[in-house]
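# An overview of the molecular structure
Below, each chain spelled out in residue letters.
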Amino acid sequence: MSTPRRSPRRPATRTAAAPPGRRADRPVDRSADDEIWPRVTRELADDLAVDALTRDRAGKAPFDEVARLQEAGLPALLTAPGPSLRGADLRAACAVVREISAADSSVGELLAHHYALSWSSRFFGPAHDPGDTRSPRALSLDVCTAEERWLLAGGVEPPRAESGPGLVLTPADGPGGGWILDGRRTFASGVTVADRLVVGARPGGTGDLLVVLVDPAHPGVFTDAGTDRVGQRLAGAGTVTFDHVPVDPGHVLGVLPHDEHAVAPFTTLAPLVLRLLLVQVGLGIAEGALAEARDISRAGQAGPVPGGPAEGPSAAGAAAPLGTGDDPYLLLAYGELATAAHAAAAVVERATDALSRGLLAEWALGLEERADIAVLVAAAETVTGRAAVHITTRILELVDGTEGADARGGGPGFDRFWRNARALTAPTQAAHRLRDIGDHYLNGTHARLTLLA
């Protein structure tokens, strides 16, 4: 294992100052419904697609990718929606993540974790009246993230039993109060490039989980990049060591009770938001691979058809051989794969609708509604995960030997789609999801109110 490196201090990206007397038109000031955002997302996706293979092969920390995101304003846009049209609702966030993932799924995963974490003070903080500007929620994480243009990373979920005690908080000495954070955790995305980390830690290692905000540039924060990944190599995964890092009381975003029966249904939407966003990443991988393969197959049809009129009058009466686009087996294969992608998209759309309504309900959300949402998200995970792996595997067979498909010849390198799909779906146990779906369908049982994504 390599020696952990102290997290570098990265200069914050800022927009140019506005002329005197005129307010700067920053991305944070633009609504997610603004017509500019679909165009910005599309242009960024096109830009990422150009050198996606080269960057994947290099496997470097995604500083360049984050710079492109900041230039486009997406980290400021993809925050929990708030007053003054700030932020993006779940539907808008899913659309952005899905399109970016079709070009580069590692960057899509970065954005997925960032957006899910921007909801942390909403999910784990106290219930809040939106009209009460005197509440501490006026300085909530989503507002700070949009204003400062932070990129968030980390993870709130408690550690699994087999992974050790996780992060520990001890009371800080002195009149200011606060906490001291110690421990070591591995995170799936963004920790090598994040501006702020959102993590869950227990006081004394037991009891309720406190959700805290940490600056990774602090001297006590060390990051060890995960460089040996099969897929999603540019997602910025790594292990972070916290060595006596102070946490100001104002940086405690909320609390997750140790007793799951004391957790509000709205709070338990936190892992469902992340899981659905990662489903969008998987769907983007499948659609991106399918579109790239289609382009390669179409390019194979170009040029004169062998045996056509150009080869002489003797061939004029003969039946023209089938071109690539007329191969019935190829058409059947593309029909099967396109149908699988359409089916996955339909299931994901239904889950997105349900979860969007749950987020709008906030603290009024009930247990039954939460259970229904969990089942739909689990179904979307299962269907999309299988579709992504199947599509990316089958495409490797379809384009094998096709001119223009080989990465060594400048092609898109279809193996990266398969590797990314495998890496993304490997942590998800489809059998567990299907069991929960079946138990809910047959017995009306609610899935556990767990924070493990």
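What counts, and at which threshold
Residues numbered from 1 in each chain as written. Predicted model: local features only at pLDDT ≥ 70, side-chain atom pairs only at ≥ 80, totals over all residues. Heavy atoms only, no water. Helix = DSSP H or I, 4+ residues; strand = E, 2+ residues; numbered from the N terminus. Buried < 20%, exposed > 50% of the residue type's maximum accessible area, 1.4 Å probe, protein only. Contact = heavy atoms within 4.5 Å. Areas by Shrake-Rupley, 256 points an atom, 1.4 Å probe, with all protein chains shown as cover. Axes fitted to C-alpha atoms, helices over the stretch in contact; angles between N-to-C directions. Parallel < 35°, antiparallel > 145°, perpendicular 65-115°, else oblique. Left-handed = near helix turned anticlockwise from the far one by under 90°. Core = buried A, V, L, I, M, F, W, Y, C linked by side-chain atoms within 4.5 Å. Phe/Tyr/Trp six-rings, centres within 6.5 Å; stacked < 30°, edge-to-face > 60°. Lys NZ or Arg CZ within 6 Å of the ring centre and 35° of its normal. Pairing = 2+ DSSP bridges. pLDDT = per-residue confidence, 0-100. Expected span 1.5 Å × (residues − 1). Salt bridge = Lys/Arg side-chain N within 4 Å of Asp/Glu carboxyl O.

Summing up its helical and strand segments, the protein chain has 13 helices and nine strands in all. The proportion of buried residues among the 453 residues of the protein chain is 48%. Excluding contacts between residues fewer than 6 apart, the proportion of contacts in the protein chain whose partners are at least 24 apart in sequence is 78%. Entry remark: accessible area of the protein chain is about 21,500 Å², with carbon and sulfur atoms responsible for 56%.

A few words on the packing of helix α9 (residues 269–299) against helix α10 (residues 328–361). Running from N to C, α9 and α10 point in directions that differ by 155°, and their axes come no closer than 10 Å. Looking at the two axes, α9 sits roughly antiparallel to α10. Once α9 is placed against α10, the crossing between them reads as left-handed.

Next up on the list: the environment of Asp415. Along the chain, the position of Asp415 falls in helix α12 (residues 415–425). Accessibility expressed as a relative area gives 28% for Asp415, which makes it partly exposed. The spatial distance from the C-alpha of Asp415 to the C-alpha of Ile395 is 9.2 Å, given a sequence separation of 20 residues. Excluding residues that lie within four positions of it along the chain, Asp415 makes contacts with Arg57 and Leu396.

The biggest cluster of nonpolar side chains holds 84 residues, and the ones touching the most others in it are Leu74, Ile100, Phe123, Val198, Leu269 and Ile395. A total of 16 residues in this core trace back to one element, the largest contributor, which is α9. What Ile100 contacts, discounting residues up to four positions off in sequence, is Thr41, Leu44, Ala45, Leu48, Leu74, Ser105, Val107, Gly108 and Leu111. Counting residues in hydrophobic clusters, the runner-up holds 18 residues, among them Val212, Val221, Val240 and Val247.

Moving on to the packing of aromatic side chains. For the structure on display, the rule yields six aromatic pairs. The interplanar angle of 80° and the centroid separation of 6.4 Å between the aromatic rings of Tyr115 and Trp119 together place this pair among those described as edge-to-face. Take Tyr115 and Trp119: they sit in the same class, and that class is buried. Through a chain of ring-to-ring contacts, three or more aromatic side chains come together here, namely Tyr115, Trp119, Phe123, Phe124, Phe266 and Trp363. Above the plane of the ring of Trp119 lies Arg122, whose end atom (NZ or CZ) is 5.4 Å from the centre.

Before going further, it helps to spend a moment on the pairing of strand β4 (residues 179–187). Relative to β4, strand β3 (residues 168–171) runs antiparallel, the two being bridged by four bridges. Pairing of Pro171 across the sheet is with Trp179, part of β4. Alignment of β4 against strand β8 (residues 238–247), held across eight bridges, turns out to be antiparallel. Each bridged residue has a counterpart across the sheet, and for Thr186 the counterpart in β8 is Thr239.

A separate point is the pairing of strand β6 (residues 209–214). Where a strand is regular, its side chains alternate between the two sheet faces. Burial of β6 is extensive: six of the six residues sit out of reach of the surface. Residues of β6 alternate between two faces, with Leu209, Val211 and Leu213 on one and Leu210, Val212 and Val214 on the opposite face, all of them buried. Inspection of the sheet shows strand β5 (residues 196–203) paired to β6 by five bridges, in the antiparallel sense. Residue pairing across strands places Val199 opposite Val212, the latter belonging to β6. Pairing analysis gives four bridges linking β6 to strand β9 (residues 252–256), with the strands arranged antiparallel.

Attention shifts here to the confidence of the model for the protein chain. On average, the protein chain scores 82 in pLDDT, and the residues at 70 or more come to 77%. Throughout residues 1–28 the model reports pLDDT below 50, and contacts reaching past four residues in sequence, or to other chains, amount to 49 contacts. Considering only residues more than four positions removed or in separate chains, one finds that residues 302–323, a stretch of pLDDT under 50, has six contacts.

For the rest of this paragraph, the subject is helix α5 (residues 90–103). For α5, with 14 residues, the first-to-last C-alpha span of 20 Å sits near the 20 Å given by 1.5 Å per residue. Three or more residues of α5 are buried, namely Leu90, Ala92, Ala93, Cys94, Val96, Val97, Ile100, Ser101 and Ala103.

On to the pattern of salt bridges. One pass over the full model with this rule turns up 20 salt bridges. Residue Asp415 pairs with Arg57 through a salt bridge whose shortest N-O separation is 3.2 Å. Of this pair, Asp415 sits in helix α12 while Arg57 sits in helix α2 (residues 52–58); the two residues are 358 residues apart in sequence, bridging distant segments of the chain. The exposure class of Arg57 is partly exposed, given its relative accessible area of 38%. Among the salt bridges present, the one from Asp64 reaches Arg68, with a minimum N-O distance of 2.8 Å. Taken together, the residues span about one helical turn, with Asp64 and Arg68 both in helix α3 (residues 63–72) at a distance of four residues.

In this section: unusual backbone geometry. For Arg149, which is not a glycine, the phi torsion comes out positive at approximately 60°. Of note in this structure, Glu362 is not a glycine but carries a positive phi near 50°. As for its placement among the helices and strands, Glu362 is situated in the loop between α10 and α11 (367–398). Judged by relative accessible area, which is 24%, Glu362 ranks as partly exposed.

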